[in-house]
Amino acid sequence: MSSTTDTSGSPGAGRATIAARTLRTDRWWLPPLATFVAFVAWVAYATVRAFMQQYYYVEEYGYLTPFYSPCVSVGCIPEASHFGQFTPDVWWLPYAAVSLPFLLLFRLTCYYYRKAYYRAFWLSPPACAVAEPHKRYTGETRFPLLLQNAHRYFFYIAGLITLINAYDAVAAFSKPGGGFGLGLGNIILVANVVLLFGYTLSCHSCRSVVGGRLNHFSKHPVRYKLWGWVSKLNTRHMAYAWATLASLALTDFYVMAVSAGWITDLRIVG
Ligand code: FES
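Residues numbered from 1 in each chain as written. Predicted model: local features only at pLDDT ≥ 70, side-chain atom pairs only at ≥ 80, totals over all residues. Heavy atoms only, no water.

1. Concerning the UniProt feature "transmembrane region" (unreviewed entry) in the chain
Thought 1: Mapped onto this numbering, the UniProt entry gives "transmembrane region" (unreviewed entry) at residues 28-48, 92-113, 153-173, 179-199 and 239-263.
Thought 2: Overall, residues 239-263 shows 88% helix and 0% strand. The separation of its end C-alpha atoms is 30 Å. (UniProt positions renumbered as here; feature names shortened; annotations may be inferred. Helix = DSSP H or I, 4+ residues; strand = E, 2+ residues; numbered from the N terminus.)

2. A word on the state of the cysteines
Thought 1: Taken as a whole and assessed by the stated rule, the structure comprises one disulfide.
Thought 2: The disulfide that involves C71 links it to C76, with 2.2 Å between the sulfurs. Disulfide C71-C76: the torsion about the S-S bond is -90 degrees, which places it as left-handed.
Thought 3: Looking at C76, the relative accessible area reads 5%, which means it is buried.
Thought 4: Just so you know, C206 is unpaired, no disulfide at all, and the nearest cysteine sulfur is the one on C203, 6.4 Å from it.
Thought 5: Under the relative-accessibility criterion, C206 is labelled buried at 5%. (Disulfide = S-S within 2.5 Å. Buried < 20%, exposed > 50% of the residue type's maximum accessible area, 1.4 Å probe, protein only.)

3. Brief notes about empty space enclosed by the protein
Thought 1: Counted by the stated rule, this structure contains one cavity of 30 Å³ or more.
Thought 2: Quantified by volume, the largest cavity comes out at close to 50 Å³.
Thought 3: Along its surface, the largest cavity is lined by L64, T65, P66, S69, N165, D168, A169, L189, N192 and V193.
Thought 4: Of all elements in the fold, only α4 (151-171) and α5 (184-201) reach the threshold of two or more residues within the lining of the largest cavity.
Thought 5: Looking at the lining of the largest cavity residue by residue, the class counts come to five nonpolar, four polar and one charged. (1 Å grid on protein atoms, 1.4 Å probe; cavity = no way out; pocket = protein on both sides within 12 Å on 5 of 7 lines; lining within 4 Å. Points joined across faces, edges and corners; volume = space filled by probe spheres on them. Nonpolar A, V, L, I, M, F, W, Y, C, P; charged D, E, K, R; others polar.)

Structure, rendered in structure tokens:
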């Protein structure tokens, strides 16, 4: 059976010969539409912020937005550069150019996001039991979708970047002028990092790295235990995917608002 007619996966089955695109009568189009709007809005916001090159650091309290972490451009405020400055200060290069492309690739190749944007952007298919408009289905067997298989490697890099975000959040408890400080910004930075760890550790590749390539769990009790924890997190991966989009945007907006002087940080200590 040709792949142009059979997308069911069962040999010889093909699609039912019904004229209607779908027989569903519920609002099946709502989830892909909501996903489309949310993704477009988020990417627009993140793009503007990544290239803005200002309002990314609160000098008084040491808050650094995750969109500028690590801040490695020679244009960065020196106190915001926890890991040195070595990229040129040009308008077309984000200050966190060493991390943002990998974070983007990590999310683009994420199993959950793939499902979400295949449905919302490529309508492939837009929902269960709704025919897709494409005539051919080649899966992820060719370039560029073949690159989705590199997700595991982006997971390793994203894990490293999450550790850097954690360092930023912990460093913000020491005020640049000296002494301990605690404000609403600290709480927001830490909450964002906790969610980022949830998203990263619940990754399907993480589950495979922790528990894969073993013949007998009984001979690897530690890995079995870890695999059990990661598996529990994994069941909430979709929730973490959305929660981290929200927390990243909120954290960045809060840092921008305080840095720009639109609001003052709610201080608890210092
Ligand atoms: Fe979503 Fe790995 S599967 S981040």
